[in-house]
Amino acid sequence: MDKLLIRGGAPLNGEIYASGAKNSALPILAASLLADSPLKVGNLPHLNDVTTMLELLGSMGVEVMLSDEMEVQVDTSNIQNLNARYELVKTMRASILVLGPLLARFQQASVALPGGCAIGSRPVNLHIEAMQAMGAEVSIVEGNIKAKVDGRLKGAKIIFEPVSVTGTENVIMAASLAEGVTTIENAAREPEVIDLANCLIQMGANIKGAGTDIITIEGVDRLEGATFSVMPDRVEVGTYLTAVAMTGGLVKIKSAKPKYLSSVILKLEDCGAIINQGEDWVEIKMDASRPQAISLTTGPYPSFPTDMQAQFVSLNSIAKGNSTVTETVFENRFMHVQEIARMGGNIALKGNTAVIEGINKLKGAPVMATDLRASASLVLAGLVAEGDTTIDRIYHIDRGYERIEEKLKILGADIERIS
Ligand code: EPU
């Protein structure tokens, strides 16, 4: 099994490009199920989760053609089965995103129940309840969500509590082909929801309010293929910016959309980093030998993203001063804490808060990746640690970071993939 070997201590300098956003690519690929002609998706990141989604679509009979390096054409005209099988769903919870499109276009779907995952129990009750509100009959049979509807789904008023990103996305997709008007209250405002809505609008959907907490969708009779380019990955960009705030240096990231990263950029500035940005680039300069500790609480967009929490625990572990990091979105997203402690980090967990005493230096150690963002935090810790860090189980990183070791090498890091 591949590992990453990092020899810490090098500052990061240079330029890299942001990849396409995983959490935008996944719903957009699922949306291809709604179209009666091929959807071309560009700026797709090469990630295991994207491959899993393409495999899932392929297993249903969807034709996937790679038109060039970062573009695929997805054609659902020959779809043969409407099942999302457990073997694929269990490796990627985002598979639940096919539920809404399948029901809306084919009036039935069978999607394996995803089960728990490393960052918490992550139920899908909100997805199911929303489909029921739109007229679907849903039952759980042998671990599968079996859903069907007589005729078309019907527009409905859906109120999310708590706010759910993929839940909002499933409803937007289903409602786009439903009969009548659907309103979503307490909708997720994440930029990836806007990206999906923009893609659906190009396919012929009628969606208003994406990016606000009330979204209105007026169903249409059919959606057709379109050509759409996925937005840049704000979490990937945020991860590299945080790395530089820890190692020091000067890095420019191109093809980024920093306006979607405001909460993270503000925290990095509080740490002592100097950040310049344009519409599609961001540059970070960090002169101080260590960042200042900063406390934060995660929350739905536009609050500080839970997907950046682990990276900031890593940053705070070598910062000047003490801090607290509170996780409010997922109940168990602190698996990285024990691993950073193996490197000397001084972190105590009190409920959903990590209480961190910044230390001068972490020490390299063998550590284990437990989930995607936890793995990223270990890479950052390895970059500043004294000596060698080997990170095991890096398939977690490959789910969400495209060529992470290549990008970091370009910036001067001493990192390699070993088996
Ligand atoms: N929730 C429920 N019932 C549901 C759905 C969600 O109780 O039916 C709860 C969850 O347990 C959680 C909260 O609602 O406590 C919010 O979860 P949400 O549904 O928003 O998460 P998600 O849609 O499953 C997406 C991203 C995650 C990201 C979260 C929060 C995708 C494919 N995944 O997950 O990304 O952390 O939103 O922003 O978009 C990652 O990229 O590493 C990742 C985990």
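Residues numbered from 1 in each chain as written. Predicted model: local features only at pLDDT ≥ 70, side-chain atom pairs only at ≥ 80, totals over all residues. Heavy atoms only, no water.

### Describing the packing of helix α1 (residues 22-31) against helix α7 (residues 191-202)
Contact geometry for α1 and α7: axes closest at 9 Å, N-to-C directions at 30°. The orientation of α1 relative to α7 falls into the category roughly parallel. Between α1 and α7 lies a crossing of right-handed hand. Seen from α1, the contacting residues are N23, S24, P27, I28 and A31; seen from α7, they are E192, D195, L196, C199 and L200. In terms of residue class, the contact of α1 with α7 is made up of six nonpolar, two polar and two charged. (Axes fitted to C-alpha atoms, helices over the stretch in contact; angles between N-to-C directions. Helix = DSSP H or I, 4+ residues; strand = E, 2+ residues; numbered from the N terminus. Parallel < 35°, antiparallel > 145°, perpendicular 65-115°, else oblique. Left-handed = near helix turned anticlockwise from the far one by under 90°. Contact = heavy atoms within 4.5 Å. Nonpolar A, V, L, I, M, F, W, Y, C, P; charged D, E, K, R; others polar.)

### What about the pattern of salt bridges?
Counted by the stated rule, this structure contains 21 salt bridges. Measuring nitrogen to oxygen at the nearest pair gives 2.8 Å for the salt bridge that ties R222 to D36. Within this pair, whereas R222 is found in the loop between β13 (214-218) and β14 (227-229), its partner D36 is found in the loop between α1 and β3 (39-42), the two being separated by 186 residues in sequence. Take D36: its relative accessible area is 32%, and that puts it in the partly exposed class. Here E87 ties to R85 by a salt bridge, and the two come within 2.8 Å at their closest N and O atoms. Each of D2, D398, E405 and R417 takes part in one network of salt bridges that share partners. (Salt bridge = Lys/Arg side-chain N within 4 Å of Asp/Glu carboxyl O. Buried < 20%, exposed > 50% of the residue type's maximum accessible area, 1.4 Å probe, protein only.)

### As for the site of the ligand
As a matter of local geometry, the ligand sits amid 22 residues, with N125, S164, T166, D307 and V329 nearest to it. P123 is positioned such that a nitrogen or oxygen atom in its backbone is 3.1 Å from an oxygen atom of the ligand. Separating an oxygen atom of the ligand from a backbone N or O atom of L126 is a distance of 2.8 Å. Look at the ligand: alone it shows 830 Å² of surface, and the protein chains cover 87% of it. Looking at the shell around the ligand, the elements that each hand over two or more residues are α1, α5 (125-133), α6 (165-176) and α12 (372-384). Per-element tally for the shell around the ligand: the top contributor is α5, with three residues. Within the shell around the ligand, the residues separate by chemical class into 11 nonpolar, six polar and five charged. (Near = heavy atom within 4 Å. Polar contact = N/O pair within 3.5 Å; in protein donor to acceptor, adjacent residues only side chain to side chain. Areas by Shrake-Rupley, 256 points an atom, 1.4 Å probe, with all protein chains shown as cover.)

### Things to note about the packing of aromatic side chains
The geometry of an aromatic ring pair is captured by the separation of the ring centres together with the interplanar angle, meaning the angle of the planes. Using the criterion set out here, one finds one aromatic pair in the structure. Plain terms: the ring middles of F304 and F312 are 5.0 Å apart, the flat faces sit at 80° to each other, and that makes the pair edge-to-face. On the basis of relative accessibility, which here comes to 5%, the residue F304 falls in the buried class. Note on F312: relative accessible area 0%, which makes it buried. A cation over an aromatic ring shows up here: K252 above the ring of W281, its NZ or CZ 4.7 Å from the ring centre. (Phe/Tyr/Trp six-rings, centres within 6.5 Å; stacked < 30°, edge-to-face > 60°. Lys NZ or Arg CZ within 6 Å of the ring centre and 35° of its normal.)

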